[in-house]
Each structure stands twice: as C-alpha cells, then as structure tokens.
Amino acid sequence: LKNLDYSSSNGRLHFANNRLAVTNDAQGIIVFEENQSGDELNQLFAFNLSGGNPQAVYVMEDAVIGGFSDDEGCYMALLESNSNNVSNYISFAEGYSVKAIDYSDGLIALATGNDGVQIYEFSGGNIVSPYGSISSGYAYDVKIKNNLVFVATRNGLEIYKIGI
C-alpha cells in the first residue's frame, strides 16, 4: 500500500473491522482504517504507555488493545459507538509483560511469558475485570475459543478448559 510507512523491531499487527493496528517502537500502537476502495490505509490515531514497549495488539469492534513490556500490562482505546473516535483509555493487567492478546465472547486472554496466561472479562464500557489465571509454561502466544484456551509455550502447545 502506497501510503503505509511503518517500522517496528517486533512487528506485531492485527486486522479486524476494517482497522489495522500495528506496534511501533516510537509511537506505541498505531491504528489505520482501510478506505472505501480498499487500496489505502489512513491513520486514525496512535497511543502509547510510557515505560514499556508495545509487544501485542488486538482490534475489537469497539476497542483496540495494546500489550506492553516491562510489567506495564495493557492499555485499551475505547471507541465511540459506530465511530473511529476514541472516547476513553483504560489500563489493566498492570504488573504483567504482555506477549500476545486474544478475545472471544467477552474474555480477553493475555500471554504473559513466565506468568502464564491472564484472562480478563470485558463487560463493555470501562469495565475490564480479572477472570482467571493459568499457570502454563512460558507463554508466547494465546488463543481463546469458547471454553478452551490454547497456549504456545517453550514446551509446545498447552490446552486448558475454563468455565463450567
């Protein structure tokens, strides 16, 4: 794409809902929107947390989540309804270095390296609350689907069943 100029040492990205979010060492998380014809991306906004480097990103319908290193946790940009305007920012998962993020059915799963997997419940609005923790091996990546959590670890794939 001719108008996308982007540089990052760890190169994480996520695309959903016609939005592309990328990690950038200098700007943190940069969010782009695909134009009507689909041939260009226009920058919407960027956000960052001081003290940590962006390591993970996830685009939801009404929010964009950035995961940061150095125990800075996550910083979430909440979007106005049917808009690309940011209405508020919230922090959660402080004390964890976030390697990867996934979301399914109201649950946000975070791969947090030596700390395994942290799961948070997103009830909409400004409410993100702890749901549970999984003591897995060193967690590089995580995927959550229904009541299963898939964790990529140093020792291979680990699968956990959560909920009832």
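Anything mentioned here points back to the structure above.
For the structure given in this document, a descriptive report is provided here.

So, how was this worked out
Residues numbered from 1 in each chain as written. Predicted model: local features only at pLDDT ≥ 70, side-chain atom pairs only at ≥ 80, totals over all residues. Heavy atoms only, no water. Helix = DSSP H or I, 4+ residues; strand = E, 2+ residues; numbered from the N terminus. Rg over C-alpha atoms; globule rule 2.2 N^0.38 Å. Buried < 20%, exposed > 50% of the residue type's maximum accessible area, 1.4 Å probe, protein only. Contact = heavy atoms within 4.5 Å. Areas by Shrake-Rupley, 256 points an atom, 1.4 Å probe, with all protein chains shown as cover. Lys, Arg positive; Asp, Glu negative; His and termini not counted. Charge placed at Lys NZ, Arg CZ, Asp CG, Glu CD. Phe/Tyr/Trp six-rings, centres within 6.5 Å; stacked < 30°, edge-to-face > 60°. Lys NZ or Arg CZ within 6 Å of the ring centre and 35° of its normal. Pairing = 2+ DSSP bridges.

## Quick word on the overall build of the protein chain
And step 1. Helix and strand content of the protein chain: zero helices and 15 strands.
And step 2. The C-alpha radius of gyration computed for the protein chain amounts to 15 Å, which stays within 12% of the reference 15 Å derived for 164 residues, consistent with globular compactness.
And step 3. A buried classification covers 47% of the 164 residues belonging to the protein chain.
And step 4. The contacts in the protein chain between residues at least 6 apart in sequence include a share of 36% that link residues at least 24 apart.
And step 5. Element-wise, carbon and sulfur atoms account for 42% of the exposed surface of the protein chain, whose accessible area totals about 8200 Å².
And step 6. Of the side-chain charges in the protein chain, 8 are positive and 19 negative, and the distance between the mean point of each set is 8 Å.

## Some thoughts on the packing of aromatic side chains
And step 1. Going through the model one piece at a time under the given rule, you end up with six aromatic pairs.
And step 2. Geometrically, the ring pair formed by F45 and F47 is stacked, given 6.2 Å between the ring centres and 25° between the ring planes. Each member of the pair, F45 as well as F47, carries the same accessibility label: buried.
And step 3. Geometrically, the ring pair formed by Y75 and Y89 is stacked, given 5.3 Å between the ring centres and 5° between the ring planes. Of this pair, Y75 sits in strand β7 (residues 73-79) while Y89 sits in strand β8 (residues 86-92), and the two are 14 residues apart along the sequence.
And step 4. Through a chain of ring-to-ring contacts, three or more aromatic side chains come together here, namely F45, F47, Y75 and Y89.
And step 5. Geometry around Y138 places R154 over its ring, the cationic atom sitting 4.0 Å from the centre.

## Side note on the pairing of strand β14 (residues 148-153)
Regular strands have side chains that alternate between both faces of the sheet.
And step 1. On β14, burial follows the alternation: V149, V151 and T153 on one face are buried, whereas L148, F150 and A152 on the facing-out side are not.
And step 2. In this structure, strand β13 (residues 139-145) lies alongside β14, joined through six bridges in antiparallel fashion. Within β14, the position partnered with A139 by the bridge is T153.
And step 3. Turn length for the β13-β14 hairpin, with the two strands adjacent in sequence and antiparallel, is two residues, and the turn residue N146 shows positive phi of about 55°.
And step 4. Bridging between β14 and strand β15 (residues 156-161) involves six bridges; their strand directions are antiparallel. Note on β15: the bridge partner recorded for V151 is E158.
And step 5. Where β14 folds back onto β15 in an antiparallel hairpin, the turn is made up of two residues.

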